[in-house]
Amino acid sequence: MGSNNSRRSPNMDSDEDTDQPNPANSELPGIVAYLIRSGQIRFVTSDNDESEGDSDIESVGPPRPPARETSPDVSSIDSNHIKEKVLRESGRWTSNKKSRLTIPTLAHLMQRREIGMDARHHFTKGDQCLVNSRFLPNRYEKLASYHHKVFCGTYSQSGDIFLSACQDQHVRIYDTKQGNFELMKTIRARDVGWSVLDVAFSPDSNYMIYSSWSDCIHLCNIHGDHDVHESLVLSPGEHSFCIFSLMFSCDNREIIGGANDGCLYIYDRESNQRTLKIDAHDDDVNCVSFADNSSQILYSGGDDGLCKVWDRRTLREDSPAPVGVMAGHVDGITYIDTKGDARYFVSNSKDQTIKLWDNRMFSPKEGVEATKKAVSSQRWDYRWQQVPRNLNRKKSVSGDTSVMTYRGHCVLHTLIRARFSPAFTTGQRYIYSGCATGSVVVYDLLTGKVVKNLDGGHRSCVRDVSWHPYENNIISSSWDGTVGKWGYFDYWAHEAEEGEEKLGEDLEEEDDGRFSYRTRRQTAFKRSDRSRCKDEKNGCFNKLYD
């Protein structure tokens, strides 16, 4: 949580916009939250001895647009191996230092391929990523609309299935093969307090798990003639309990979760019991992630502002010692995503930054203590209040070993997620995040600058984002109750040429079901002529790409 004062108060012990239900009146926290965010009520205090850091805290109004950083500090990332790695994977590496960050045109790439200058006569994986970078998502399409907040939305590893979890206590499974988005199954969640807070696929995508304010996590099948819906008891104790983040191990034998009691929980699927409870953080554990698909290294992040690296093979309840600790944030961690190479990962934080980490560069003890001190000095609550203006000022914590820091998005109300872009289509050259303002923010990993701010699609906080692993689209899940897809649309190709005028009455339906405005000249074309032109265009296209 954002405020130390609210972390352990009896009625405000949750980390998800009062995720913990009040037995006396479960609707009251949600009503109060709505009234505060809409500006219909405000807090008035008679305290006159506020510290300088608290004087700019606001408790009402919609989120302020985040300030973009015009000149990010790239000194650390320039000297790190990840720069060469990402340049190579995204097709931008050359032996000539002067041209490493050049952007060749598509025509130039085609010319080099056709005349055999690269001696390959085909596009490399890097070339394909370079071409895809010219067509980043830029247009919104609403896919689904609910009457409650959407908390989670994620693609499977193959991209053929999409999971969506909503506050209406339903988990919806969509078939996304070949660009479709068709509902294939709806699961009524059990034992839900406030909302389903996290979902995860099994490695084979045949099962999914979800968590909420409950002593259990729940396992459900995705395919099959018979429904499976099992409760996996974690036996945490008598206190109110919630798993904020969970995932399967790469061998599908274990499930790991991070909880509000500061512990990591390991559940063994073969023995059907909790096998480990690790005292991991001084506060809520908001996120967990394995380093890659084969190793035993895993990461955790908590409200103590620290990211910790663990080795599953050495985890012991009587000696819960991490391999190392990453310090540098000045507020709680909301999400961790790994690059998948067992070396780099990113963390999103309530201090309004994303940080890139190299797990070989641990923070010294002085850095850990500096982060704990900075987090404990925070006197605002991100669930209800505006971001303090002094939090947006550039300041570093002693012992900060992060490789890069990204600023330009807003983290309020909930555990907003940030991820690496896919390796197949982008070479992981981007980091993208949800935003409390209702947008999706895309950063360049190497420069730290915002390359896309996808706004205008949602009216409220975007909590989760998921980039298709093999297609160039992003699905965003928002608290306005909608799930939307951001895809690429060539606006320039649809602009009227000089002397042409766009007419609203010339609205026609395309073959794919979309509508577009026709110009006078375009409308005058006979349908057969347009079809012939289209065939000629496709023929030229095939000659270039065969």
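Everything numeric in this text was worked out from a predicted model, so none of it was measured.

Definitions and cut-offs
- Counting restarts for each chain, with residues numbered from 1 along the sequence as it is written.
- Where totals are concerned, whole chains, interfaces and linings use all residues; where local detail is concerned, this predicted model gives features only for residues with pLDDT of at least 70, and gives and counts side-chain atom pairs only at 80 or more.
- To obtain the side-chain values, all non-hydrogen atoms of the structure were used and water was disregarded.
- For two strands to count as paired, DSSP must find a minimum of two bridges between them.
- Helix numbers and strand numbers start at the N terminus; a helix is a DSSP run of H or I with at least 4 residues, a strand a run of E with at least 2.
- Here an axis means a line fitted to C-alpha atoms, over the contact stretch when the element is a helix, while the angle between two N-to-C directions is reported on a 0 to 180 degree scale.
- UniProt positions are given in the numbering used here, feature names are shortened, and annotations may be inferred rather than shown by experiment.
- A pair of Phe, Tyr and Trp rings is counted when the ring centres sit within 6.5 Å of each other, with Trp represented by its six-membered ring. The angle between the planes then sorts it: under 30 degrees is stacked, over 60 is edge-to-face, the rest tilted.
- A simple rule labels every residue: compare its accessible area, found with a 1.4 Å probe on the protein chains alone, to the largest value its type can have, and call it buried under 20%, exposed over 50%, or partly exposed in between.
- The rule for a charge over a ring is simple: NZ of Lys or CZ of Arg within 6 Å of the ring centre, and within 35 degrees of the ring normal.
- What makes a salt bridge here is a side-chain nitrogen of Lys or Arg within 4 Å of a carboxyl oxygen of Asp or Glu, nothing more.
- Definition used in this section: a nonpolar core is a set of buried Ala, Val, Leu, Ile, Met, Phe, Trp, Tyr and Cys residues joined via side-chain atoms within 4.5 Å.
- Should any heavy atoms of two residues lie within 4.5 Å, those residues are counted as being in contact.
- pLDDT is a residue-level measure of predictor confidence that goes from 0 to 100.

Glancing now at the sheet that holds strand β26 (residues 462-467). Taken in spatial order, the four strands make up an open sheet running β1-β28-β27-β26, and their pairing is antiparallel. Of all the strands in the sheet, just β1 (139-145) and β26 have a single pairing partner and so form its edges. When the angles between neighbouring strand axes are averaged without regard to direction, this sheet yields 25°. Of the pairings in the sheet, the one linking β26 to strand β27 (residues 474-478) comprises five bridges and is antiparallel in character.

Sequence positions flagged by UniProt for "repeat: WD" (unreviewed entry) are, in local numbering, residues 278-311, 326-358 and 455-486. When the span residues 326-358 is considered, its composition is 0% helix and 58% strand, and the gap between its end C-alpha atoms is 9 Å. Between the end C-alpha atoms of residues 455-486 the distance is 10 Å, and the span holds 0% helix and 50% strand.

As a further point, take the packing of aromatic side chains. Counted under the stated rule, the structure contains 14 aromatic pairs. An angle of 80° between the planes, with centres 5.1 Å apart, marks the rings of F135 and Y488 as edge-to-face. Residue F135 is located in the loop between α6 (125-132) and β1, and its partner Y488 is located in the loop between β28 (482-487) and β29 (502-509); the two are separated by 353 residues in the primary sequence. What makes Y488 partly exposed here is its relative accessible area of 35%. Here the aromatic rings of Y174 and F181 are separated by 4.1 Å at their centres, their planes lie at 20°, and the arrangement is stacked. Neither residue differs from the other here; Y174 and F181 are each classed as buried. Cluster of aromatic residues (ring-pair linked, three or more members): Y155, F162, Y174 and F181. Above the plane of the ring of W479 lies K149, whose end atom (NZ or CZ) is 3.9 Å from the centre. Over the ring of Y382 we find K350; its NZ or CZ atom is 4.3 Å from the centre of that ring.

What follows deals with the pattern of salt bridges. Counted by the stated rule, this structure contains 22 salt bridges. Two residues, E69 and R407, come together in a salt bridge whose shortest N-O distance is 3.4 Å. Of this pair, E69 sits in the loop between α2 (28-37) and α3 (75-78) while R407 sits in strand β21 (residues 404-407), placing them 338 residues apart in sequence. There is no split in this pair, since E69 and R407 are both buried. Here R316 ties to D318 by a salt bridge, and the two come within 2.8 Å at their closest N and O atoms. You can call R316 partly exposed: its relative accessible area is 47%. A relative accessible area of 59% places D318 in the exposed class. Three or more residues are tied together by salt bridges with common partners; here these are D198, R417, R419 and D464.

Another point: the pairing of strand β16 (residues 307-311). Judged by how many residues are buried, β16 sits mostly within the fold: five of five residues are covered. What you see with β16 is no split at all: C307, V309 and D311 on one side and K308 and W310 on the other are buried throughout. Sheet topology note: the strand β15 (residues 297-302)/β16 ladder contains five bridges and is antiparallel. Along β16, the bridge assignment pairs I297 with D311. Two successive antiparallel strands, β15 and β16, enclose a turn made up of four residues, where G305 displays a positive phi of approximately 80°.

Attention now moves to the nonpolar core. I77, M208, L356, Y406 and L445 are the most contacted members of the largest nonpolar core, which totals 57 residues. Contact partners of I77, with chain neighbours within four places excluded, come to I82, K83, L356, V403, M404, Y406, L445 and L446. Counting 15 residues, the second-largest nonpolar core is a separate cluster that includes I209, L232, F241 and Y267.

Turning to the sheet that holds strand β14 (residues 285-290), a few remarks are in order. A sheet is described by the order of its strands in space; here four strands give the open sequence β14-β15-β16-β17, paired in antiparallel fashion. Single-partner strands in this sheet number two, and they are β14 and β17 (324-326). Sheet twist, expressed as the average angle between the axes of neighbouring strands with direction ignored, equals 20°.

Right, let's talk about the confidence of the model for the chain for a bit. Per-residue confidence for the chain gives a mean pLDDT of 82, with 76% of residues at or over 70. Under a pLDDT of 50 for its full length, residues 17-24 has, in the predicted model, 25 contacts with residues more than four places off or in other chains. The low-confidence segment residues 44-55 (pLDDT under 50) makes four contacts with residues lying over four places distant or belonging to another chain.

Among all residues save glycine, negative phi is the norm, and among peptide bonds the norm is trans. Even without being a glycine, W194 presents a positive backbone phi close to 70°. In this fold, W194 is placed in the loop between β5 (182-188) and β6 (198-201). The class of W194 is buried, set by a relative accessible area of 17%.

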